[in-house]
Amino acid sequence: MTDTPSPMPHPPERMPKTVWGIISASTIILFACSSARHLLFQSNGFDLGIFDQVAYLIGRGEVPFSTINDTHHMADHAAWSFFPVGLLYWLYPSVYWLFAIQAFSLSIAVWPLWHLARMSGLSRSQSLGIAITYLLYPVIFNVNLFDFHVEVMAVPAMFAGILAAKRDRPGLFTLATLFVLGCKAVLTLPIAVMGIWLFVFEGKRRCGAIAFLSGSVWFVLATQVIVPAFKDGDRHAAIGRYSYLGDSIPDILQNLMTQPGLITGRVFSLASLEYLALLLLPVIWGLSLRKLAPLLPTVPIVLLNILSTVPAQRNLVQQYSLPILPFLLMAVMDGLQVGRRQRLGVRAMSILGAITFLALAKYGYFGSLYLRQLDNWTEAREAIALVEPQASVLTTSALAPHLTHRTTIRFTEEGNPPQTVDDFDVVLLNTRHPGWASSSAYANRLRRRLQSTPDFEQLYAQNDVFLFQRPQPVLND
(Lines give C-alpha, C1' and ligand atoms only; values in the text may rest on other atoms or scores of the structure.)
Protein backbone atom coordinates (compact mmCIF):
# COMPACT_ATOMS: atom_id res chain seq x y z
CA MET A 1 0.00 0.00 0.00
CA THR A 2 1.47 3.34 -1.01
CA ASP A 3 0.67 6.86 -0.01
CA THR A 4 -0.71 9.41 -2.40
CA PRO A 5 1.51 12.45 -2.12
CA SER A 6 -0.47 15.45 -0.95
CA PRO A 7 0.00 18.75 -2.71
CA MET A 8 2.24 21.21 -0.93
CA PRO A 9 0.95 24.79 -0.89
CA HIS A 10 4.54 25.95 -0.67
CA PRO A 11 7.62 24.06 -1.86
CA PRO A 12 10.49 23.62 0.62
CA GLU A 13 12.20 26.94 1.05
CA ARG A 14 15.06 28.46 2.95
CA MET A 15 14.12 29.65 6.39
CA PRO A 16 14.51 33.45 6.82
CA LYS A 17 17.44 34.84 8.79
CA THR A 18 14.89 36.39 11.15
CA VAL A 19 13.77 32.95 12.26
CA TRP A 20 17.35 31.79 12.72
CA GLY A 21 17.92 34.89 14.81
CA ILE A 22 14.92 34.04 16.97
CA ILE A 23 16.24 30.50 17.48
CA SER A 24 19.67 31.82 18.47
CA ALA A 25 18.25 34.43 20.84
CA SER A 26 15.93 31.88 22.44
CA THR A 27 18.79 29.42 22.97
CA ILE A 28 20.93 32.07 24.64
CA ILE A 29 18.10 33.35 26.86
CA LEU A 30 16.99 29.90 27.97
CA PHE A 31 20.56 28.79 28.64
CA ALA A 32 21.30 31.93 30.64
CA CYS A 33 18.14 31.55 32.74
CA SER A 34 18.68 27.88 33.63
CA SER A 35 22.36 28.52 34.37
CA ALA A 36 21.51 31.49 36.61
CA ARG A 37 18.96 29.40 38.50
CA HIS A 38 21.57 26.70 39.04
CA LEU A 39 24.17 29.20 40.25
CA LEU A 40 21.62 30.54 42.73
CA PHE A 41 21.28 27.03 44.24
CA GLN A 42 17.73 26.56 42.98
CA SER A 43 18.30 23.36 41.00
CA ASN A 44 17.79 20.03 42.73
CA GLY A 45 18.99 16.48 43.08
CA PHE A 46 15.68 15.47 41.49
CA ASP A 47 16.03 15.70 38.53
CA LEU A 48 19.12 17.64 37.50
CA GLY A 49 21.46 15.79 39.84
CA ILE A 50 20.24 12.42 38.57
CA PHE A 51 20.89 13.19 34.90
CA ASP A 52 24.17 14.94 35.63
CA GLN A 53 25.49 11.97 37.57
CA VAL A 54 24.31 9.49 34.92
CA ALA A 55 25.89 11.50 32.08
CA TYR A 56 29.12 11.75 34.06
CA LEU A 57 29.21 7.99 34.62
CA ILE A 58 28.43 7.26 30.96
CA GLY A 59 31.25 9.58 29.93
CA ARG A 60 33.62 7.59 32.16
CA GLY A 61 32.43 4.26 30.76
CA GLU A 62 30.91 3.26 34.10
CA VAL A 63 27.51 1.76 34.90
CA PRO A 64 24.91 4.57 34.62
CA PHE A 65 23.45 3.99 38.07
CA SER A 66 22.30 7.06 39.94
CA THR A 67 22.69 6.85 43.70
CA ILE A 68 20.31 9.80 44.07
CA ASN A 69 17.26 7.77 43.08
CA ASP A 70 19.02 4.41 43.55
CA THR A 71 18.13 3.42 39.98
CA HIS A 72 19.87 2.28 36.82
CA HIS A 73 19.27 4.78 34.04
CA MET A 74 17.45 2.27 31.81
CA ALA A 75 15.05 1.54 34.65
CA ASP A 76 14.19 5.24 34.66
CA HIS A 77 11.83 5.43 31.66
CA ALA A 78 14.11 3.33 29.37
CA ALA A 79 15.56 6.59 28.03
CA TRP A 80 18.32 5.25 25.77
CA SER A 81 18.38 8.45 23.67
CA PHE A 82 20.18 10.11 26.58
CA PHE A 83 23.30 7.94 26.23
CA PRO A 84 24.96 10.11 23.51
CA VAL A 85 25.06 12.95 26.04
CA GLY A 86 27.79 10.95 27.77
CA LEU A 87 30.09 11.71 24.82
CA LEU A 88 29.99 15.40 25.75
CA TYR A 89 30.86 14.52 29.34
CA TRP A 90 33.71 12.39 28.02
CA LEU A 91 35.10 15.51 26.33
CA TYR A 92 34.54 17.68 29.40
CA PRO A 93 32.23 16.87 32.33
CA SER A 94 29.95 19.82 33.10
CA VAL A 95 26.34 20.17 34.12
CA TYR A 96 26.11 23.11 31.72
CA TRP A 97 25.99 20.63 28.84
CA LEU A 98 22.51 19.72 30.06
CA PHE A 99 21.42 23.34 30.18
CA ALA A 100 22.79 23.90 26.68
CA ILE A 101 21.09 20.77 25.29
CA GLN A 102 17.80 21.76 26.88
CA ALA A 103 17.90 25.34 25.63
CA PHE A 104 18.97 24.28 22.14
CA SER A 105 16.39 21.48 21.89
CA LEU A 106 13.50 23.69 22.91
CA SER A 107 14.62 26.45 20.53
CA ILE A 108 15.63 24.46 17.45
CA ALA A 109 12.13 22.97 17.31
CA VAL A 110 11.23 26.24 15.58
CA TRP A 111 13.08 25.00 12.48
CA PRO A 112 10.70 22.14 11.55
CA LEU A 113 7.77 24.07 13.01
CA TRP A 114 8.30 26.97 10.60
CA HIS A 115 8.46 24.60 7.64
CA LEU A 116 5.30 22.85 8.82
CA ALA A 117 3.55 26.20 8.98
CA ARG A 118 4.58 27.01 5.42
CA MET A 119 3.52 23.57 4.19
CA SER A 120 0.12 23.99 5.80
CA GLY A 121 -0.46 27.09 3.66
CA LEU A 122 0.26 29.83 6.19
CA SER A 123 1.88 33.04 5.05
CA ARG A 124 5.43 33.93 6.02
CA SER A 125 4.04 36.38 8.57
CA GLN A 126 1.79 33.72 10.08
CA SER A 127 4.60 31.16 10.05
CA LEU A 128 6.81 33.57 11.97
CA GLY A 129 3.88 34.15 14.31
CA ILE A 130 3.56 30.41 14.95
CA ALA A 131 7.27 30.23 15.82
CA ILE A 132 6.91 33.09 18.29
CA THR A 133 3.72 31.56 19.72
CA TYR A 134 5.59 28.33 20.39
CA LEU A 135 8.49 30.06 22.15
CA LEU A 136 6.11 32.19 24.23
CA TYR A 137 4.01 29.20 25.28
CA PRO A 138 4.62 29.22 29.07
CA VAL A 139 5.63 25.56 29.28
CA ILE A 140 8.75 26.23 27.18
CA PHE A 141 10.18 28.82 29.56
CA ASN A 142 9.00 27.05 32.70
CA VAL A 143 10.28 23.59 31.78
CA ASN A 144 13.65 25.07 30.89
CA LEU A 145 13.90 26.34 34.48
CA PHE A 146 12.78 23.07 36.04
CA ASP A 147 16.16 21.29 36.14
CA PHE A 148 16.61 18.92 33.14
CA HIS A 149 14.37 16.31 31.52
CA VAL A 150 15.02 14.11 28.50
CA GLU A 151 11.60 14.96 27.05
CA VAL A 152 12.99 18.29 25.86
CA MET A 153 15.17 16.40 23.37
CA ALA A 154 12.03 14.75 21.97
CA VAL A 155 10.27 18.01 21.09
CA PRO A 156 12.26 18.97 17.96
CA ALA A 157 12.30 15.31 16.93
CA MET A 158 8.50 15.17 17.15
CA PHE A 159 8.15 18.24 14.95
CA ALA A 160 10.78 16.85 12.57
CA GLY A 161 8.94 13.53 12.42
CA ILE A 162 5.65 15.18 11.53
CA LEU A 163 7.44 17.24 8.86
CA ALA A 164 9.04 14.09 7.42
CA ALA A 165 5.66 12.37 7.31
CA LYS A 166 4.03 15.27 5.51
CA ARG A 167 6.90 15.27 3.01
CA ASP A 168 6.51 11.50 2.48
CA ARG A 169 9.98 10.65 3.78
CA PRO A 170 9.43 7.47 5.82
CA GLY A 171 13.15 6.92 6.45
CA LEU A 172 13.62 10.24 8.22
CA PHE A 173 10.27 9.79 9.92
CA THR A 174 11.37 6.44 11.33
CA LEU A 175 14.64 7.86 12.66
CA ALA A 176 12.86 10.76 14.33
CA THR A 177 10.22 8.45 15.80
CA LEU A 178 12.76 6.01 17.22
CA PHE A 179 14.66 8.86 18.84
CA VAL A 180 11.47 10.16 20.46
CA LEU A 181 10.63 6.70 21.77
CA GLY A 182 14.09 6.51 23.33
CA CYS A 183 13.57 9.73 25.28
CA LYS A 184 10.93 8.38 27.64
CA ALA A 185 8.76 5.28 27.76
CA VAL A 186 5.55 7.28 28.17
CA LEU A 187 6.12 8.91 24.76
CA THR A 188 5.19 5.59 23.18
CA LEU A 189 1.54 6.50 23.77
CA PRO A 190 1.33 9.77 21.81
CA ILE A 191 3.55 8.26 19.09
CA ALA A 192 1.23 5.26 18.68
CA VAL A 193 -1.85 7.49 18.54
CA MET A 194 -0.01 9.85 16.19
CA GLY A 195 0.12 6.87 13.85
CA ILE A 196 -3.68 6.74 13.84
CA TRP A 197 -3.87 10.48 13.15
CA LEU A 198 -1.41 10.26 10.26
CA PHE A 199 -3.07 7.17 8.80
CA VAL A 200 -6.70 8.26 9.05
CA PHE A 201 -6.70 12.06 8.93
CA GLU A 202 -3.53 12.93 7.02
CA GLY A 203 -3.51 10.07 4.52
CA LYS A 204 0.10 9.18 5.43
CA ARG A 205 -0.49 5.46 5.69
CA ARG A 206 3.10 4.29 5.63
CA CYS A 207 4.30 6.70 8.30
CA GLY A 208 1.11 6.18 10.27
CA ALA A 209 1.69 2.44 10.34
CA ILE A 210 5.34 2.93 11.36
CA ALA A 211 4.36 5.20 14.24
CA PHE A 212 1.56 2.97 15.49
CA LEU A 213 3.58 -0.24 15.35
CA SER A 214 6.82 1.19 16.75
CA GLY A 215 5.00 3.02 19.54
CA SER A 216 2.97 -0.06 20.49
CA VAL A 217 5.91 -2.46 20.37
CA TRP A 218 8.24 -0.17 22.31
CA PHE A 219 5.54 0.42 24.95
CA VAL A 220 5.40 -3.30 25.67
CA LEU A 221 9.18 -3.77 25.53
CA ALA A 222 9.95 -0.74 27.68
CA THR A 223 7.32 -1.24 30.36
CA GLN A 224 7.19 -5.03 30.52
CA VAL A 225 10.75 -6.08 29.68
CA ILE A 226 13.42 -3.36 29.90
CA VAL A 227 12.34 -1.38 32.97
CA PRO A 228 11.53 -4.50 35.07
CA ALA A 229 14.84 -6.09 34.02
CA PHE A 230 16.89 -3.15 35.26
CA LYS A 231 14.76 -2.79 38.38
CA ASP A 232 15.17 -6.47 39.30
CA GLY A 233 11.54 -7.18 38.56
CA ASP A 234 10.05 -4.27 40.51
CA ARG A 235 7.23 -2.29 38.98
CA HIS A 236 7.76 1.03 37.24
CA ALA A 237 8.00 3.87 39.75
CA ALA A 238 5.27 5.88 38.01
CA ILE A 239 2.70 3.14 38.65
CA GLY A 240 2.35 4.42 42.18
CA ARG A 241 0.68 7.53 40.81
CA TYR A 242 -2.19 5.37 39.57
CA SER A 243 -2.31 2.81 42.38
CA TYR A 244 -6.06 3.30 42.79
CA LEU A 245 -6.44 1.76 39.33
CA GLY A 246 -4.19 -1.26 39.88
CA ASP A 247 -0.73 -2.49 40.79
CA SER A 248 0.58 -3.04 37.24
CA ILE A 249 0.01 -1.76 33.73
CA PRO A 250 -2.06 -4.84 32.69
CA ASP A 251 -4.19 -4.44 35.84
CA ILE A 252 -4.70 -0.74 35.15
CA LEU A 253 -5.72 -1.37 31.53
CA GLN A 254 -8.12 -4.10 32.60
CA ASN A 255 -9.72 -1.95 35.29
CA LEU A 256 -10.10 0.97 32.89
CA MET A 257 -12.05 -1.24 30.52
CA THR A 258 -14.14 -3.07 33.09
CA GLN A 259 -14.63 -0.34 35.70
CA PRO A 260 -14.73 3.02 33.89
CA GLY A 261 -16.42 4.53 36.91
CA LEU A 262 -13.05 4.55 38.65
CA ILE A 263 -11.94 7.54 36.59
CA THR A 264 -15.21 9.38 35.99
CA GLY A 265 -14.80 11.60 39.02
CA ARG A 266 -11.29 12.65 38.03
CA VAL A 267 -12.02 13.21 34.35
CA PHE A 268 -15.12 15.31 35.02
CA SER A 269 -13.76 17.47 37.81
CA LEU A 270 -13.00 21.12 38.38
CA ALA A 271 -9.27 20.34 38.60
CA SER A 272 -9.34 18.67 35.18
CA LEU A 273 -11.27 21.57 33.68
CA GLU A 274 -8.75 24.01 35.13
CA TYR A 275 -5.86 21.99 33.68
CA LEU A 276 -7.43 21.89 30.21
CA ALA A 277 -8.10 25.62 30.40
CA LEU A 278 -4.45 26.28 31.23
CA LEU A 279 -3.31 24.12 28.32
CA LEU A 280 -5.56 25.77 25.75
CA LEU A 281 -5.61 29.37 26.97
CA PRO A 282 -2.30 30.44 25.34
CA VAL A 283 -3.49 29.30 21.88
CA ILE A 284 -7.28 29.28 22.17
CA TRP A 285 -7.43 32.09 19.61
CA GLY A 286 -6.06 29.78 16.91
CA LEU A 287 -8.17 26.66 17.49
CA SER A 288 -11.20 25.73 15.41
CA LEU A 289 -13.74 23.07 16.36
CA ARG A 290 -13.58 21.89 12.76
CA LYS A 291 -9.82 21.35 12.85
CA LEU A 292 -9.08 19.46 16.05
CA ALA A 293 -7.88 16.16 14.56
CA PRO A 294 -4.19 16.92 15.35
CA LEU A 295 -5.11 16.87 19.04
CA LEU A 296 -5.85 13.14 18.91
CA PRO A 297 -2.27 12.12 19.89
CA THR A 298 -2.51 14.34 22.98
CA VAL A 299 -5.34 12.31 24.50
CA PRO A 300 -3.11 9.69 26.24
CA ILE A 301 -0.89 12.33 27.85
CA VAL A 302 -3.85 14.47 28.92
CA LEU A 303 -5.52 11.44 30.49
CA LEU A 304 -2.33 10.36 32.25
CA ASN A 305 -1.94 13.83 33.73
CA ILE A 306 -5.59 14.07 34.77
CA LEU A 307 -5.69 10.60 36.32
CA SER A 308 -2.43 10.97 38.23
CA THR A 309 -2.54 11.48 41.98
CA VAL A 310 0.41 13.89 41.62
CA PRO A 311 -0.92 17.46 41.17
CA ALA A 312 2.37 18.52 39.53
CA GLN A 313 1.26 16.74 36.36
CA ARG A 314 -1.53 19.26 35.92
CA ASN A 315 0.26 22.58 35.56
CA LEU A 316 2.31 24.53 33.05
CA VAL A 317 5.43 24.53 35.22
CA GLN A 318 6.79 21.02 34.91
CA GLN A 319 7.54 18.74 31.99
CA TYR A 320 4.46 16.55 31.94
CA SER A 321 2.53 18.60 29.39
CA LEU A 322 5.46 19.14 27.03
CA PRO A 323 4.59 16.24 24.63
CA ILE A 324 1.21 17.86 24.05
CA LEU A 325 2.67 21.02 22.56
CA PRO A 326 3.70 19.79 19.06
CA PHE A 327 0.19 18.54 18.30
CA LEU A 328 -1.43 21.58 19.88
CA LEU A 329 0.57 23.79 17.50
CA MET A 330 -0.47 21.58 14.57
CA ALA A 331 -4.11 22.19 15.50
CA VAL A 332 -3.45 25.93 15.69
CA MET A 333 -1.92 25.90 12.20
CA ASP A 334 -4.99 24.13 10.85
CA GLY A 335 -7.30 26.49 12.73
CA LEU A 336 -5.61 29.57 11.24
CA GLN A 337 -6.95 28.55 7.85
CA VAL A 338 -10.57 28.86 8.97
CA GLY A 339 -12.72 31.99 9.11
CA ARG A 340 -11.44 35.22 10.62
CA ARG A 341 -8.37 33.49 12.01
CA GLN A 342 -6.85 33.78 8.54
CA ARG A 343 -6.36 37.48 9.19
CA LEU A 344 -4.10 36.92 12.17
CA GLY A 345 -0.49 37.87 11.48
CA VAL A 346 2.76 37.90 13.37
CA ARG A 347 1.94 41.08 15.30
CA ALA A 348 -1.39 39.81 16.65
CA MET A 349 0.03 36.38 17.49
CA SER A 350 3.02 37.91 19.25
CA ILE A 351 0.81 40.15 21.37
CA LEU A 352 -1.50 37.28 22.32
CA GLY A 353 1.47 35.06 23.12
CA ALA A 354 3.12 37.77 25.19
CA ILE A 355 -0.02 38.27 27.27
CA THR A 356 -0.23 34.61 28.30
CA PHE A 357 3.54 34.44 28.79
CA LEU A 358 3.43 37.38 31.18
CA ALA A 359 0.52 35.77 33.01
CA LEU A 360 1.76 32.18 33.30
CA ALA A 361 5.55 32.06 32.85
CA LYS A 362 7.63 31.94 36.03
CA TYR A 363 10.13 34.69 35.16
CA GLY A 364 9.16 36.46 38.40
CA TYR A 365 10.97 33.79 40.40
CA PHE A 366 14.25 35.54 39.56
CA GLY A 367 13.16 38.46 41.71
CA SER A 368 11.76 36.44 44.61
CA LEU A 369 12.00 32.67 45.07
CA TYR A 370 15.39 32.28 43.41
CA LEU A 371 17.05 34.85 45.68
CA ARG A 372 16.31 33.11 48.97
CA GLN A 373 19.72 31.50 49.35
CA LEU A 374 21.82 34.57 48.70
CA ASP A 375 22.27 35.14 52.45
CA ASN A 376 24.84 32.33 52.67
CA TRP A 377 25.60 31.78 48.98
CA THR A 378 29.30 32.60 49.39
CA GLU A 379 29.73 30.14 52.25
CA ALA A 380 28.01 27.38 50.29
CA ARG A 381 30.39 27.95 47.37
CA GLU A 382 33.40 27.89 49.67
CA ALA A 383 32.31 24.62 51.28
CA ILE A 384 31.65 22.97 47.92
CA ALA A 385 35.16 23.88 46.79
CA LEU A 386 36.59 21.94 49.76
CA VAL A 387 34.95 18.64 48.80
CA GLU A 388 37.39 16.13 47.33
CA PRO A 389 36.55 15.07 43.72
CA GLN A 390 36.06 11.35 44.38
CA ALA A 391 34.59 11.54 47.88
CA SER A 392 31.16 10.01 48.49
CA VAL A 393 28.81 12.80 49.56
CA LEU A 394 25.63 13.35 51.53
CA THR A 395 24.27 16.87 51.11
CA THR A 396 21.10 18.90 50.57
CA SER A 397 18.99 18.63 47.43
CA ALA A 398 19.97 22.13 46.30
CA LEU A 399 23.69 21.50 46.70
CA ALA A 400 23.65 18.00 45.21
CA PRO A 401 23.72 19.06 41.51
CA HIS A 402 26.94 20.94 42.22
CA LEU A 403 28.63 17.75 43.42
CA THR A 404 27.24 14.96 41.22
CA HIS A 405 30.42 14.16 39.30
CA ARG A 406 31.20 11.19 41.49
CA THR A 407 30.11 7.58 41.93
CA THR A 408 28.17 8.04 45.16
CA ILE A 409 26.03 10.99 46.21
CA ARG A 410 22.72 11.35 48.01
CA PHE A 411 20.74 14.25 49.34
CA THR A 412 19.16 14.55 52.77
CA GLU A 413 15.57 13.32 52.82
CA GLU A 414 13.81 13.53 56.14
CA GLY A 415 11.31 10.87 55.12
CA ASN A 416 13.96 8.56 53.68
CA PRO A 417 17.21 9.13 55.57
CA PRO A 418 20.28 6.99 54.91
CA GLN A 419 20.59 4.07 57.31
CA THR A 420 24.00 5.34 58.35
CA VAL A 421 26.27 8.26 57.55
CA ASP A 422 29.19 5.85 57.65
CA ASP A 423 28.58 5.20 53.94
CA PHE A 424 29.82 8.70 53.11
CA ASP A 425 33.18 10.42 53.18
CA VAL A 426 31.69 13.92 53.30
CA VAL A 427 28.49 15.45 54.68
CA LEU A 428 27.66 19.01 53.57
CA LEU A 429 24.70 20.74 55.24
CA ASN A 430 23.02 24.10 54.91
CA THR A 431 20.87 24.17 58.01
CA ARG A 432 19.33 27.52 57.10
CA HIS A 433 18.28 26.24 53.68
CA PRO A 434 17.91 22.46 54.14
CA GLY A 435 16.49 21.90 50.68
CA TRP A 436 13.65 19.90 49.19
CA ALA A 437 12.41 16.90 51.23
CA SER A 438 14.26 18.11 54.32
CA SER A 439 13.83 20.61 57.15
CA SER A 440 16.00 22.78 59.36
CA ALA A 441 15.11 20.61 62.34
CA TYR A 442 16.28 17.45 60.58
CA ALA A 443 19.43 19.15 59.25
CA ASN A 444 20.34 20.41 62.72
CA ARG A 445 19.79 16.98 64.27
CA LEU A 446 22.14 15.53 61.70
CA ARG A 447 24.66 18.33 62.34
CA ARG A 448 24.68 17.72 66.09
CA ARG A 449 25.07 14.01 65.51
CA LEU A 450 28.10 14.58 63.28
CA GLN A 451 29.65 17.07 65.72
CA SER A 452 29.47 14.49 68.51
CA THR A 453 31.00 11.56 66.65
CA PRO A 454 34.74 11.01 66.27
CA ASP A 455 34.13 9.43 62.85
CA PHE A 456 33.83 12.89 61.28
CA GLU A 457 35.69 16.15 61.72
CA GLN A 458 34.15 19.54 61.10
CA LEU A 459 36.08 21.01 58.23
CA TYR A 460 34.00 24.15 57.65
CA ALA A 461 31.36 26.05 59.66
CA GLN A 462 30.26 29.46 58.50
CA ASN A 463 26.84 31.14 58.44
CA ASP A 464 24.86 27.87 58.91
CA VAL A 465 26.87 25.99 56.29
CA PHE A 466 28.65 22.96 57.74
CA LEU A 467 31.09 20.58 56.06
CA PHE A 468 32.05 17.34 57.78
CA GLN A 469 34.71 14.97 56.53
CA ARG A 470 36.13 11.69 57.67
CA PRO A 471 39.57 12.22 59.21
CA GLN A 472 42.32 11.60 56.71
CA PRO A 473 44.75 8.83 57.69
CA VAL A 474 48.14 10.05 58.83
CA LEU A 475 50.90 8.72 56.58
CA ASN A 476 54.21 7.96 58.29
CA ASP A 477 57.45 8.67 56.48
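Sequence order as written defines residue numbering, which begins from 1 separately in each chain. With pLDDT at 70 or above as the cut-off, local features in this predicted model cover only qualifying residues; side-chain atom pairs require 80 or more to be listed or tallied, and sums for whole chains, interfaces and linings still use all residues. The side-chain quantities take in all heavy atoms of the structure and omit both hydrogens and water.

### Digging into the packing of aromatic side chains
By convention, a stacked pair of Phe, Tyr or Trp rings (six-membered ring in the case of Trp) has centres within 6.5 Å and planes under 30 degrees apart, an edge-to-face pair has planes over 60 apart, and any other such pair is tilted. Tallied over the entire structure, the rule returns 15 aromatic pairs. Ring centres of F82 and F148 lie 6.0 Å apart, and the angle between their planes is 50°; on these two criteria the pair is classed as tilted. Remark: F148 occurs in the loop between α7 (138-145) and α8 (151-166) and F82 occurs in the loop between β2 (71-72) and α3 (85-91); sequence separation between them is 66 residues. Neither residue differs from the other here; F82 and F148 are each classed as buried. Consider the rings of F366 and Y370, whose centres lie 5.0 Å apart with planes at 85°: the pair is edge-to-face. Using a 1.4 Å probe on the protein chains alone, a residue whose accessible area is under 20% of its type maximum counts as buried, one over 50% counts as exposed, and one in between counts as partly exposed. What makes Y370 buried here is its relative accessible area of 4%. Joined through ring pairs, the aromatic side chains of F46, F411 and W436 make up one cluster. We count a charge as sitting over a ring when the NZ of a lysine or the CZ of an arginine lies within 6 Å of the ring centre and within 35 degrees of the ring normal. Over the ring of Y244 we find R266; its NZ or CZ atom is 4.6 Å from the centre of that ring. Secondary structure elements are defined from DSSP: runs of H or I of at least 4 residues count as helices, runs of E of at least 2 residues count as strands, and each element is numbered from the N terminus.

### Observations regarding helix α4 (residues 96-108)
For α4, built from 13 residues, the straight-helix expectation of 18 Å at 1.5 Å per residue is met to within 8% by its first-to-last C-alpha distance of 18 Å. Three or more residues of α4 are buried, namely L98, F99, I101, Q102, A103, S105, L106, S107 and I108. One less than the number of residues in a helix, times 1.5 Å, gives the span that helix is expected to have.

### Regarding the environment of V332
Here V332 shows up in helix α16 (residues 325-335). On the basis of relative accessibility, which here comes to 0%, the residue V332 falls in the buried class. For the pair formed by V332 and L181, sequence separation is 151 residues and the distance between their alpha carbons is 25 Å. Contacts of V332, omitting those with residues within four sequence positions, involve I130, V283, W285, G286 and L287. Contacts are assigned to residue pairs with any non-hydrogen atoms lying within 4.5 Å of each other.

### Points about a nonpolar patch on the surface
A cluster of nonpolar residues, I196, F199, V200, F201, F212 and L213, forms a patch on the protein surface that exposes about 570 Å² of accessible area. Residue assignment for the nonpolar patch shows that the elements contributing at least two residues are α10 (188-201) and α11 (205-230). Sorting elements by how many residues they give to the nonpolar patch places α10 first, with four residues. Within the secondary structure, V200 sits in helix α10. Only residues above 30% relative accessible area that lack a salt bridge enter a patch, with like-charged residues linked at up to 9 Å and the nonpolar side chains Val, Leu, Ile, Met, Phe, Trp and Tyr linked at up to 5 Å. Exposure was quantified through the Shrake-Rupley algorithm and a 1.4 Å probe, taking into account, for residues, occlusion by the shown protein chains and nothing else. One speaks of a salt bridge when a side-chain nitrogen belonging to Lys or Arg is within 4 Å of a carboxyl oxygen belonging to Asp or Glu.

### Here's the deal with the environment of T395
Tracing the sequence through the fold places T395 in strand β3 (residues 393-395). Along the chain, T395 and P64 lie 331 residues apart, while their C-alpha atoms are 21 Å from each other. Nitrogen and oxygen atoms within 3.5 Å of one another constitute a polar contact, given that in protein one can donate a hydrogen and the other can accept it, and given that sequence-neighbouring residues count only through two side-chain atoms. From its side chain, T395 meets the backbone oxygen of L428 in a polar contact 2.9 Å long.

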